[in-house]
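# Overview (structure and organization)
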Amino acid sequence: MTAHPAGIPEADWLETPASVRALINAQQQEIELLRGQLTSLATELANLRERIGRSSRNSSKPPSSDGLGFKPPERRKGSGRKRGGQQGHPGSGPELLSIERVDQVVDHHPDACRRCGTLLQGEDLDPLRHQVIEIPPITPLVIEHRLHRLVCPCCSTSTCASLPADVEASHYGPRLSALVGLLGSAFPLSFSKTQALLQQLVGVEMSRGAIARVRQRLSAALEQPMQEALAFARVQPVAYVDETGAPTGNADGNNPTGKRGWQWVMVTCPVSIRLMACANQVDR
């Protein structure tokens, strides 16, 4: 042992006789050995206590393995009160939103005193607040682009206008397309359920073929960022991966045999990725 022990200055250690230093070194080595053995015994004792304390109530062991001496805990006696909120309980509900997030305020004033009937006027500086959260009626916004064809007065050539670059060539706009993609990914709805939700909630009727084309277009647009995210996740030091089976159907015609698909998820600290594969096709 070349370094001086902790707590002894180096100058004092160098002045210590060699025989004393050898004895201290031997004792230090023995202490380290005993410390390691103590740690091992403590770990083994904890494992044994955990195994002894297992039962059908705190592990996957069947009740038959509990033995004859095992007594299940006594059931707590009921209080005699009915289930649910008790009379006089203030109850709980969603927290009130800030006034900045309120779209409409409706004031209600009492007409007359509840005791003597005198007419009442004025304002309460601190009225009770009750908020109702509602969804406005959802109606699709249909924009018609008319491309005019005009004839040149000089050479008689007809020229037709073209769609601006910021107008979707598809019949479905970016927000509606994003909703269709969301319903087939984060909320994996079937084609029939996607159709029903769009028709009943949004008022848009789409065929299964149109839904499939929108999803294919979104998948192609996300191909490059998906590959970048996948490459980034693969080099992370820690990644959690899981898989599960999933029906895929044959709405796009690429799975005529109805082969069952698989979903994989890779979760890392910066990014999470979900893959779905059926036969040789991968849907992201």
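Rules behind the numbers
- Residues numbered from 1 in each chain as written.
- Predicted model: local features only at pLDDT ≥ 70, side-chain atom pairs only at ≥ 80, totals over all residues.
- Heavy atoms only, no water.
- Core = buried A, V, L, I, M, F, W, Y, C linked by side-chain atoms within 4.5 Å.
- Buried < 20%, exposed > 50% of the residue type's maximum accessible area, 1.4 Å probe, protein only.
- Helix = DSSP H or I, 4+ residues; strand = E, 2+ residues; numbered from the N terminus.
- Contact = heavy atoms within 4.5 Å.
- Expected span 1.5 Å × (residues − 1).
- Arc of directions from axis to C-beta.
- Phe/Tyr/Trp six-rings, centres within 6.5 Å; stacked < 30°, edge-to-face > 60°.
- Lys NZ or Arg CZ within 6 Å of the ring centre and 35° of its normal.
- pLDDT = per-residue confidence, 0-100.
- Salt bridge = Lys/Arg side-chain N within 4 Å of Asp/Glu carboxyl O.
- Disulfide = S-S within 2.5 Å.
- Polar contact = N/O pair within 3.5 Å; in protein donor to acceptor, adjacent residues only side chain to side chain.
- Patch = residues over 30% accessible without salt bridge, like charges linked within 9 Å, V, L, I, M, F, W, Y side chains within 5 Å.
- Areas by Shrake-Rupley, 256 points an atom, 1.4 Å probe, with all protein chains shown as cover.

### Thoughts on the nonpolar core
Leu176, Val180, Leu183, Phe191, Leu198, Val202, Val204, Met206, Ala210, Ile211, Ala212 and Val214 together form the largest nonpolar core, which totals 12 residues. With 4 residues, helix α5 (residues 208-221) is the single largest residue contributor to this core. Those residues in contact with Met206 that sit more than four places away from it in its chain are Tyr172, Leu176, Val180, Gln195, Leu198, Ile211 and Val214. With 7 residues, the next largest nonpolar core counts Met226, Ala229, Leu230 and Ala233 among its residues.

### Quick notes on helix α4 (residues 191-202)
Residues spaced three or four apart along an α-helix point in a common direction, a consequence of the helix completing one turn every 3.6 residues. In this model α4 runs 16 Å from its N-terminal to its C-terminal C-alpha over 12 residues, within 8% of the 16 Å that 1.5 Å per residue would give. Inspection of α4 places Phe191, Thr194, Leu198 and Val202 among the buried residues, and these make up the whole buried set. For α4, the arc enclosing every buried residue in end-on projection is 60 degrees, short of the 170-degree limit, so these residues lie on one face. Away from its buried face by more than 90 degrees, α4 exposes Lys193, Gln200 and Leu201. Where α4 is buried, its residues contact α3 (174-183) and α5. Downstream of α4 by a residue or two, Gly203 has a phi angle that is positive, lying close to 80 degrees.

### Some points on the packing of aromatic side chains
The tally for this structure, following the rule as stated, stands at 0 aromatic pairs. One Lys or Arg, Arg215, reaches over the ring of Phe191 and ends 4.6 Å from the middle of that ring.

### Brief notes about the confidence of the model for the protein
When pLDDT is averaged along the protein, the result is 83; 87% of the residues meet or exceed 70. Note that pLDDT drops below 50 for residues 279-284; the model gives that stretch 14 contacts with residues more than four away or on any other chain.

### A few points about the pattern of salt bridges
Tallying each qualifying case throughout the model produces 3 salt bridges. A salt bridge links Glu144 to Arg146, with the shortest nitrogen-to-oxygen separation between them at 2.5 Å. Across the pair, exposure class does not vary: Glu144 and Arg146 are exposed alike. Between Arg217 and Glu168 there is a salt bridge, with its nearest N and O atoms 3.6 Å apart. Here Arg217 is found in helix α5, whereas its partner Glu168 is found in the loop between β2 (158-160) and α3, with 49 residues between them in sequence. Arg217 gets classed as partly exposed once you look at its relative accessible area, which sits at 30%. Glu168 sits in the partly exposed class, given a relative accessible area of 34%.

### Notes on the state of the cysteines
Applying the stated criterion to the full structure yields 0 disulfides. Summary of cysteine pairing: Cys116 is not part of a disulfide, and the nearest cysteine sulfur, belonging to Cys113, is at 3.8 Å. By relative accessible area, Cys116 is classed as exposed at 58%.

### Regarding helix α6 (residues 223-234)
Between its first and last C-alpha, α6 extends 17 Å over 12 residues, near the 16 Å set by a 1.5 Å rise per residue. Every buried residue belonging to α6 is among Met226, Ala229, Leu230 and Ala233, and all of these are buried. Buried residues of α6, viewed axially, fall in a sector of 100 degrees; they line one side.

### A look at the side chain of Ser177
With respect to the helices, strands and loops of the structure, Ser177 is situated in helix α3. Of note is the side chain of Ser177, whose polar atom sits 2.9 Å from the backbone oxygen of Gly173. If sequence neighbours within four positions are ignored, Ser177 has contacts with Tyr172, Val214, Arg217 and Leu218.

### Structural notes on the environment of Leu120
Mapped onto the elements, Leu120 comes out in the loop between α2 (18-52) and β1 (149-151). The spacing of Leu120 and His109 is 11 residues in sequence and 8.4 Å in space, taken between C-alpha atoms. Residues contacting Leu120, with those up to four places away along its chain left out, are Pro110, Asp111, Ala112 and Cys113.

### Section: the side chain of Thr194
Residue placement: Thr194 occurs in helix α4. A relative accessible area of 0% means that Thr194 is categorised as buried. Within the structure, Thr194 has its side chain in polar contact with the side chain of Arg215 (distance 3.2 Å). With near-sequence residues (within four places) excluded, Thr194 lies in contact with Leu183, Leu189, Ile211 and Arg215.

### With respect to a nonpolar patch on the surface
A cluster of nonpolar side chains, contributed by Val238, Tyr240, Val265 and Val267, occupies part of the molecular surface with about 350 Å² of accessible area. Tracing the backbone shows Val238 in the loop between α6 and β3 (240-246). Here Val238 falls in the partly exposed class, since its relative accessible area comes to 48%.

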